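The chain contents come next:
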Amino acid sequence: MNQTYDNEIFFSQYARMPRSREGLKAAGEWHQLKPLFPALEGKCVLDLGCGYGWHCRFCEEHGAARILGIDSSRRMIEEARRRGGGNGVSYRVCGVEEYEFPEKAWDLVVSNLVLHYIQDLDSVFERVWNTLREGGIFLFNVEHPVFTAGVGQDWIYAEDGEPKFWPVDDYFVPGKRSTLFLGCQVEKYHHTLTQILGGLLRQGFILEAVEEAQPPEEMRQIPGMEQEMRRPMMLLVRARKGSRAE
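Residues numbered from 1 in each chain as written. Predicted model: local features only at pLDDT ≥ 70, side-chain atom pairs only at ≥ 80, totals over all residues. Heavy atoms only, no water.

1. Digging into the environment of E228
Then step 1. Checked against the element boundaries, E228 lands in the loop between β10 (205-212) and β11 (234-241).
Then step 2. When the C-alpha atoms of E228 and N141 are compared, they prove to be 16 Å apart, with 87 residues separating the residues in sequence.
Then step 3. Ignoring anything within four residues of it in the chain, the contact list for E228 reads P215 and M233. (Helix = DSSP H or I, 4+ residues; strand = E, 2+ residues; numbered from the N terminus. Contact = heavy atoms within 4.5 Å.)

2. Concerning the sheet that holds β10
Then step 1. The sheet built from seven strands is open, its strands ordered β3-β2-β1-β4-β5-β11-β10 with mixed pairing. Pairing within the sheet leaves two strands with one partner each, and these edge strands are β3 (89-93) and β10. When the angles between neighbouring strand axes are averaged without regard to direction, this sheet yields 15 degrees.
Then step 2. Lying on the sheet, helix α7 (residues 121-131) is in contact with β1 (44-48), β4 (106-112), β5 (132-143), β10 and β11; it crosses β5 at an angle near 145 degrees. (Pairing = 2+ DSSP bridges. Axes fitted to C-alpha atoms, helices over the stretch in contact; angles between N-to-C directions.)

3. A closer look at the side chain of R238
Then step 1. Position of R238 relative to the elements: it lies in strand β11.
Then step 2. Here E208 takes part through its side chain, which lies 2.7 Å from a polar atom of the side chain of R238.
Then step 3. Not counting residues up to four positions away in its chain, the partners in contact with R238 are L36, F37, P38, I137, F138, L139, I206, L207, E208 and A209. (Polar contact = N/O pair within 3.5 Å; in protein donor to acceptor, adjacent residues only side chain to side chain.)

4. Topic: empty space enclosed by the protein
Then step 1. Summed over the entire model, instances satisfying the criterion amount to one cavity of 30 Å³ or more.
Then step 2. In this structure, the largest cavity spans a volume of roughly 30 Å³.
Then step 3. Considering the residues around the largest cavity, the lining is formed by H116, V142, E143, H144, P145, T148, Y189, H190, H191 and I196.
Then step 4. For the lining of the largest cavity, the secondary structure elements donating two or more residues are β5, α8 (145-148) and β9 (184-190). (1 Å grid on protein atoms, 1.4 Å probe; cavity = no way out; pocket = protein on both sides within 12 Å on 5 of 7 lines; lining within 4 Å. Points joined across faces, edges and corners; volume = space filled by probe spheres on them.)

5. Focus on helix α5 (residues 54-61)
Then step 1. Buried residues of α5: H55, C56, R57, F58 and C59, and no others.
Then step 2. Contacts made by the buried residues of α5 are with α4 (30-33), β1, β2 (66-71), α6 (74-83), β3 and β4.
Then step 3. Positive phi appears at G63, one or two residues downstream of α5, with a value of about 95 degrees. (Buried < 20%, exposed > 50% of the residue type's maximum accessible area, 1.4 Å probe, protein only.)

Dropping the structure here:
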């Protein structure tokens, strides 16, 4: 992911996206993701794939004591640092699969639109479990399996250019998917809903919330946003680390 996201063409296109310019308020899923955050006062937070650091700064603003944002993209981390943050926020160029995940170090692990780049989700779930303290929360937003199983991850269009339908094929065949995103070829991994939720349950997580993202009413007048009501694009999950006996 690092090589693609540090690509000059990709990064310049990414920087023009509304969520890159305006932050969380421009993210269509934020109105659903924000209420899923636990109380943050005095907590230690790890952000896996922090991008520009929006969620890191949100956690700092709400009282988190220590926040670490990691991302495999050097350009993303440079921009996160440029946009600032207090003494409690630090950033590191590091991929999710390369991070050491120290044992029982964090109260909250958050990940936004990153896990669909990971082939072995079970390994990440295990490492997140180990790095969370008892009762800690794993909160993530991942591309929905219906979206990742889409053929080319794009609509089938009518002759007039209007989207006709979203094709889904090979849903039960997990693995690598190549798609064009912001002018660059990007490799992602498709995981079924059973793999995602079942993997968390097998690890011992307690599911506290599972939501499919929908744009808020006030955003549905934005050109193209009305199409987001036709198929799910994102899956939001909040899971808690309980005791093994639960």
